[in-house]
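So you can see what is in the structure, the chains are spelled out below.
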Amino acid sequence: MTDGKEVKYKAVCDYGRQPKRDKKTGEIMMKQVKTELTFKTLKEAREARAEAVLIRSAGADARVASSKKFCDAVEDYKRSERYKSFSGSYQDHMVNYMNHMVDFFKDMEADKISVVDMEAYYAYQLESGSLNTAKGDKEGEACKKGGITVNTLPKHKTAAKHLWEFMVDAKAYGVVENVAEKSRIPKAVICIDGKKKKVSKVPFHARPLSLDELNYTLNDAIQNEFDRSIAVMAALAAVGSLRHSETVGLKLGKFMHDGLMAVTDSALDYGGFDREYYEKHDSLMLIDTAVMYINSKNVEKLPKGDKVRVAAALECLKKIIAYAMEQRQEVYGIVGREIGSGESVYMPLINIIEGRPLVSQKLSRKWEEGF
């Protein structure tokens, strides 16, 4: 085939029946995998066809057996069809959990990992809960935090169950049972009026702030914090009803209704909103981006549920943001920069001064330090 002046080669690759996850039921089913690939050279096309023939003749999942080491099995799993059947968001979380597992089991052979080992892994996560590869501090020591909560352990177990299910079905690692499914998550001890109780999940009951509590919090941030972004952070959450990831993802172009406004037709159309109405009403803001810290980097996604929404920008919220923008404009006047529509509404003062991008993970630390 030709694409303008460039010649390309198509190869129809039939991989035979492979395990794939049914999107409706969630069950693993054997399905025919056949795809058409395009290559720049005839050699690449022929190699792809030959690989497909080899995989089809050898049977399902035969291509994944690179070695029996657990770390290699994880990489094989990430190349499998059943892993690719998960949504991109869930894949990101799976990678995070599996990185913790690789950090714990390392080069251990997959078939040597027992139920006892899995339960030791859970205990380690409760105690440590951070990777040995964590970023070091000024002295070079790993910056480890405390253990993860017992509420997070079931997510690790679910990821492990998917991984072991793959290794059992592959019949290439010597794994004959799903040890993750048989393992038990340790319980946490809570104290209620001096009486101790073991629980699999620590209950958490959130409550909204009263109007007096909210006013006190906002006034305290405005009057006592030199960094005005602290007030913005609290206002976006309490007044604007933005989630953690949405607070980091909100850009000036999606909040401002002046020359900085930068709202795309695709975002408005996806959310089902009228552009003319949005532009005329400056009491609205568009929430179309959520920023999460995954695998040591910021990842932009649609908000929870893949839903774009228009939220109310109340007058008090607009005043607090205008108050913070005065400080940003003052800094930019000194360093010779211009405010752009692509900048985050919430931006700590140190990031403004040094011109550093915002790291979503640090928002939680700000909440802990400020409130």
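Residues numbered from 1 in each chain as written. Predicted model: local features only at pLDDT ≥ 70, side-chain atom pairs only at ≥ 80, totals over all residues. Heavy atoms only, no water.

1. What to know about the overall build of the protein
Counting its secondary structure elements, the protein contains 15 helices and 10 strands. Taking all 371 residues of the protein together, 36% fall into the buried category. Excluding contacts between residues fewer than 6 apart, the proportion of contacts in the protein whose partners are at least 24 apart in sequence is 59%. Approximately 21,800 Å² of the protein is accessible, and the part contributed by carbon and sulfur atoms is 51%. (Helix = DSSP H or I, 4+ residues; strand = E, 2+ residues; numbered from the N terminus. Buried < 20%, exposed > 50% of the residue type's maximum accessible area, 1.4 Å probe, protein only. Contact = heavy atoms within 4.5 Å. Areas by Shrake-Rupley, 256 points an atom, 1.4 Å probe, with all protein chains shown as cover.)

2. Here's the deal with the pairing of strand β5 (residues 188–192)
Inspection of the sheet shows β5 paired to strand β6 (residues 195–199) by 5 bridges, in the antiparallel sense. Pairing of Ile192 across the sheet is with Lys195, part of β6. Taking the residues that link successive antiparallel strands as the turn, the β5-β6 hairpin has 2 residues, and the phi of Asp193 there is positive, at about 50°. (Pairing = 2+ DSSP bridges.)

3. Thoughts on helix α13 (residues 315–335)
Its 21 residues place the ends of α13 30 Å apart at the C-alpha level, agreeing with the 30 Å of an ideal helix rising 1.5 Å per residue. If you follow the buried residues of α13, they end up packed against α8 (211–224), α9 (229–238), β7 (284–287) and α14 (349–354). Just beyond α13, the residue with positive phi is Gly336, at close to 80°. (Expected span 1.5 Å × (residues − 1).)

4. So, the pattern of salt bridges
In this structure the tally under the stated criterion is 20 salt bridges. Between Glu109 and Lys112 there is a salt bridge, with the nearest N and O atoms lying 3.4 Å from each other. As a salt-bridge pair, Arg243 and Glu246 come within 2.7 Å of each other at their nearest N and O atoms. Salt bridges sharing partners connect three or more residues here, namely Arg82, Glu165 and Asp169. (Salt bridge = Lys/Arg side-chain N within 4 Å of Asp/Glu carboxyl O.)

5. Thoughts on the side chain of Arg82
With respect to the element layout, Arg82 can be found in helix α3 (residues 81–84). Of note is the side chain of Arg82, whose polar atom sits 3.1 Å from the side chain of Asp169. (Polar contact = N/O pair within 3.5 Å; in protein donor to acceptor, adjacent residues only side chain to side chain.)

6. Details of unusual backbone geometry
At Ser241, a position not held by glycine, the phi torsion is positive, near 60°. Among the secondary structure elements, Ser241 is positioned in the loop between α9 and α10 (244–249). Judged by its relative accessible area of 52%, Ser241 is exposed.

7. Remarks on the packing of aromatic side chains
Between two aromatic rings, the relevant description is the distance of the centres plus the angle of the planes. Applying the stated criterion across every chain, the model contains 12 aromatic pairs. An angle of 65° between the planes, with centres 5.2 Å apart, marks the rings of Phe70 and Phe105 as edge-to-face. Taken together, the positions of Phe70 in helix α2 (residues 70–78) and Phe105 in helix α4 (residues 88–105) put the pair 35 residues apart, joining distant regions of the chain. Among the residues examined, Phe105 registers a relative accessible area of 4% and is labelled buried. A centroid spacing of 5.0 Å and a plane angle of 90° characterise the contact between Phe104 and Phe105, whose relative ring orientation is edge-to-face. Given the relative accessible area of 28%, Phe104 is considered partly exposed. (Phe/Tyr/Trp six-rings, centres within 6.5 Å; stacked < 30°, edge-to-face > 60°.)

8. Topic: the packing of α4 against helix α5 (residues 115–127)
The N-to-C vectors of α4 and α5 enclose an angle of 110°; their axes lie 11 Å apart at closest approach. Considering their axes alone, α4 and α5 lie roughly perpendicular with respect to each other. Here α4 contributes Tyr97, His100, Met101, Asp103, Phe104 and Phe105 to the contact with α5, which in turn contributes Asp117, Met118, Ala120, Tyr121, Tyr124 and Gln125. The class makeup of the residues in the contact of α4 with α5 is 8 nonpolar, 2 polar and 2 charged. (Axes fitted to C-alpha atoms, helices over the stretch in contact; angles between N-to-C directions. Parallel < 35°, antiparallel > 145°, perpendicular 65-115°, else oblique. Nonpolar A, V, L, I, M, F, W, Y, C, P; charged D, E, K, R; others polar.)

9. Concerning empty space enclosed by the protein
Tallying each qualifying case throughout the model produces 2 cavities of 30 Å³ or more. For the largest cavity, the calculated volume is near 70 Å³. At the level of secondary structure, the elements contributing two or more residues to the lining of the largest cavity comprise α9, α13 and α14. Looking at the lining of the largest cavity, the element that brings in the most residues is α13, giving 3 residues. Looking at the lining of the largest cavity residue by residue, the classes come out as 7 nonpolar, 2 polar and 3 charged. Of the voids in this model, the second largest cavity is the one considered here, and its volume is about 40 Å³. Looking at the second largest cavity, the residues that line it are Leu242, Glu246, Gly249, Leu250, Lys251, Lys254, Leu286, Ile287, Asp288 and Thr289. Elements supplying a minimum of two residues to the lining of the second largest cavity: α10 and β7. Across the lining of the second largest cavity, the residue classes break down as 4 nonpolar, 2 polar and 4 charged. (1 Å grid on protein atoms, 1.4 Å probe; cavity = no way out; pocket = protein on both sides within 12 Å on 5 of 7 lines; lining within 4 Å. Points joined across faces, edges and corners; volume = space filled by probe spheres on them.)

10. With respect to the environment of Ile294
For Ile294, the location among the structural elements is in strand β8 (residues 290–294). Measuring from C-alpha to C-alpha, the distance between Ile294 and Val95 comes to 8.9 Å, with 199 residues separating the pair along the chain. Setting aside residues up to four positions removed in sequence, Ile294 forms contacts with Asp92, Val299 and Lys301.

11. Focus on the confidence of the model for the protein
Low pLDDT means the predicted atomic positions in that stretch should not be read closely. When pLDDT is averaged along the protein, the result is 82; 84% of the residues meet or exceed 70. Below a pLDDT of 50 lies the segment residues 132–144, which in the model reaches 18 contacts outside its immediate sequence neighbourhood of four places, other chains included. (pLDDT = per-residue confidence, 0-100.)

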